[in-house]
Every structure is written in structure tokens, then in C-alpha cells.
Amino acid sequence: MSDDMPDFSNVKGGSSSTATKIYVVVAGDSLSKIAKREYGNANQWTRIFEANQDILKDPDKIYPGQKLKIPPK
Amino acid sequence: MRTKILFTLFVSAALALVACGKNEEPKTGPTQAPTSAPAPSPAPAPAGIAVSGVTAGKALGADKKVTAPTEAFAAGDTMYVSIDTTGSGTAKLDAKWTYRRGDKVAVVKEESMTINATGPATNEFHVSKPDGWPVGDYEVEVMLDGKPAGSKKLTVK
């Protein structure tokens, strides 16, 4: 941080929408992790799986770069 | 001589038949083309998403709209910015939160999300700081597909 400017490194942020969000999978992601981040509850992974059955056949197999539809909360 | 006349009549008749056939050929081409080509249709509605409103506040409803609009916050508040959009399609929304002191600017947080809307939608970004916001001037800038779409100047007192 330059000079006497405050430290904002611990700021937490988030987002949500009434529309379907598009999430791009990154390395290390799982549907549970994404559900935890998006809905605050890892058990909601089934919602993401069901919304993406056109591209997901196995909930344990997602790949970096895949674009997943995240239904609104 | 009679044979020659008959031959001439025969050839003339044959040529006339061929000519008649040729005259009919062009009719089949142009008449088929319009039926196979798509009929002109009205211009489609403009595609894409536009931002119709940006509101800041300290509380959010289930509809993602700010329930307590304000641009003045306390140190322990969560800052919300609600973004109304119209239109349909896919678009990327960004929110960049900054802190300003004189001519110095510090980036507080940058967040982005991609939405796939089928109609009007409301979207929100929020930030919080566990140890409280430093007093001062802040700004949140909203971008739609990388282009400025609105901003709000905020203060923490």
C-alpha cells in the first residue's frame, strides 16, 4: 500500500443476480465449492448440476474453462 | 419439292417447340427462388443488455434491490450496489470499489460476474471489511462489458 493509504486486503466481496449467472470453472473447483461460494451452502450443488445436465454427465467431473449456469438463489 | 416443303415445315415446327420450351424455363427458376428464400421479416428487437439504474445502500432485499438507499455509511456497514438491467443475452458486469484521499486512489475491491438474462434483472455486488471501513470518500464504478455504466460516490463517516 502506498504511503498512508489504508489496507484493504481483508475486504470481502460477493455478487448475486436475479438472472442466471455464468461461472467459468477454475482449477480446484468442485460443484460443492461453487455452491458454497454462490449460495452459502455446499449441499446446493445439486441445483448447479441439474441446471447443467446438458454439459455435465458426472457431477465429479468438471473442467477448468467450462461455463456453468448458476441459477438465481 | 414437296418433300423439301414438308421438311422445312417440320424443322420450323420443331424449332418453334424448342423455343416454346425455352420460354418456359425461366418461369420455373424465378418462381421457385422466392418460395425457397426466407420471406423478409421484421427487424429483430435489439439484442443485448443495458443498465437502467444503479443504487447504493446498506441493506438488500430478496429481489436484489437495495432496501435502504444511501451513499453515507458507517464503519461496520456492508456496502451494496444494486444494478438494474434490461434486455436479454449474456453480459459481464464489473464493480470496482475505490477509496480516495486527495489525489490518491486505492482499489478496495474488484468483482465481476457474467449473467445470462432473459429479461429485466437486478444484480448486486457487495463489500464488507471485518475491522471496519476507514473514514473517507469511496466510489463504486459499474461497468457493462467493459464500458462504464454508472457510478456512485460514497462516504464513510
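It should be emphasised that the depicted structure is a prediction, and the values quoted were computed from it without experimental measurement. (Residues numbered from 1 in each chain as written. Chains lettered and ligands numbered in written order. Predicted model: local features only at pLDDT ≥ 70, side-chain atom pairs only at ≥ 80, totals over all residues. Heavy atoms only, no water.)

Attention shifts here to the overall build of chain B. On a plain count of helices and strands, chain B comes out with 1 helix and 7 strands. Secondary structure elements in chain B, listed N-terminal to C-terminal, are α-β-β-β-β-β-β-β. Within chain B, the proportion of its 157 residues that are buried is 31%. Looking at chain B alone, contacts between residues at least 24 apart form 60% of all its contacts between residues at least 6 apart. As displayed, chain B has an accessible area near 9,500 Å², and 60% of this comes from carbon and sulfur atoms. (Helix = DSSP H or I, 4+ residues; strand = E, 2+ residues; numbered from the N terminus. Buried < 20%, exposed > 50% of the residue type's maximum accessible area, 1.4 Å probe, protein only. Contact = heavy atoms within 4.5 Å. Areas by Shrake-Rupley, 256 points an atom, 1.4 Å probe, with all protein chains shown as cover.)

Under the counting rule described, the total for this entry stands at 12 salt bridges over all chains. With its nearest N and O atoms 3.4 Å apart, the salt bridge here joins A:Arg37 to A:Asp29. Residue A:Arg37 is classed as partly exposed on the basis of its relative accessible area of 48%. Residue class for A:Asp29 comes out buried when judged on its relative accessible area of 13%. The residue B:Lys152 makes a salt bridge to B:Glu71 at a minimum N-O spacing of 3.7 Å. On the criterion of sequence distance, the pair formed by B:Lys152 in strand E7 (residues 147-156) and B:Glu71 in the loop between strand E1 (48-57) and strand E2 (72-73) is long-range, its members being 81 residues apart. B:Lys152 sits in the partly exposed class, given a relative accessible area of 21%. When its relative accessible area of 39% is taken as the criterion, B:Glu71 is described as partly exposed. Residues joined in a network through salt bridges with shared partners are A:Asp4, B:Arg101 and B:Lys104. (Salt bridge = Lys/Arg side-chain N within 4 Å of Asp/Glu carboxyl O.)

All right, on to the layout of surface pockets then. By volume, the largest pocket amounts to about 380 Å³. Considering the residues around the largest pocket, the lining is formed by 15 residues, among which A:Ser15, A:Lys21, A:Glu38, B:Glu111 and B:Ser112 are closest to the centre. If you list the elements that add at least two residues to the lining of the largest pocket, you get strand E1 (12-17), strand E2 (20-24) and helix H1 (31-39) of chain A together with strand E4 (104-117) of chain B. No other element matches the 4 residues that E4(B) contributes to the lining of the largest pocket. Split by residue class, the lining of the largest pocket holds 3 nonpolar, 6 polar and 6 charged. (1 Å grid on protein atoms, 1.4 Å probe; cavity = no way out; pocket = protein on both sides within 12 Å on 5 of 7 lines; lining within 4 Å. Points joined across faces, edges and corners; volume = space filled by probe spheres on them. Nonpolar A, V, L, I, M, F, W, Y, C, P; charged D, E, K, R; others polar.)

For any part of a model where pLDDT is low, the fine detail of the predicted coordinates should not be relied upon. Taken over all residues, the pLDDT of chain B has a mean of 81, while the share at 70 or more is 70%. A low-confidence stretch, residues 9-45 of chain B stays under pLDDT 50, and its non-local contacts, those more than four residues away or across chains, total 0 contacts. (pLDDT = per-residue confidence, 0-100.)

The next thing to look at is the environment of B:Val108. For B:Val108, the location among the structural elements is in strand E4. Assessed through its relative accessible area of 5%, B:Val108 is described here as buried. Sequence separation between B:Val108 and B:Val135 is 27 residues, and the spatial gap between their C-alpha atoms is 13 Å. Those residues within four positions of B:Val108 in sequence are excluded, and the remaining contacts are A:Phe8, A:Val11, B:Trp97, B:Thr98, B:Tyr99, B:Trp133 and B:Tyr138.

Another point: the packing of aromatic side chains. Across all of its chains, the model carries 6 aromatic pairs over all chains by this definition. Note on A:Trp45 and A:Phe49: the rings are 6.2 Å apart at their centroids and 45° apart in plane angle, and the pair reads as tilted. Pair noted here: A:Trp45 and A:Phe49 are both in helix H2 (residues 45-51), with a separation of 4 residues, about one helical turn. What makes A:Trp45 partly exposed here is its relative accessible area of 27%. Exposure remark for A:Phe49: the relative accessible area of 14% places this residue in the buried category. Taken together, a centroid distance of 5.7 Å and an interplanar angle of 75° make the contact between B:Trp133 and B:Tyr138 edge-to-face. The buried category is assigned to B:Trp133, whose relative accessible area is 4%. Classification of B:Tyr138 by relative accessible area gives buried; the value is 4%. (Phe/Tyr/Trp six-rings, centres within 6.5 Å; stacked < 30°, edge-to-face > 60°.)

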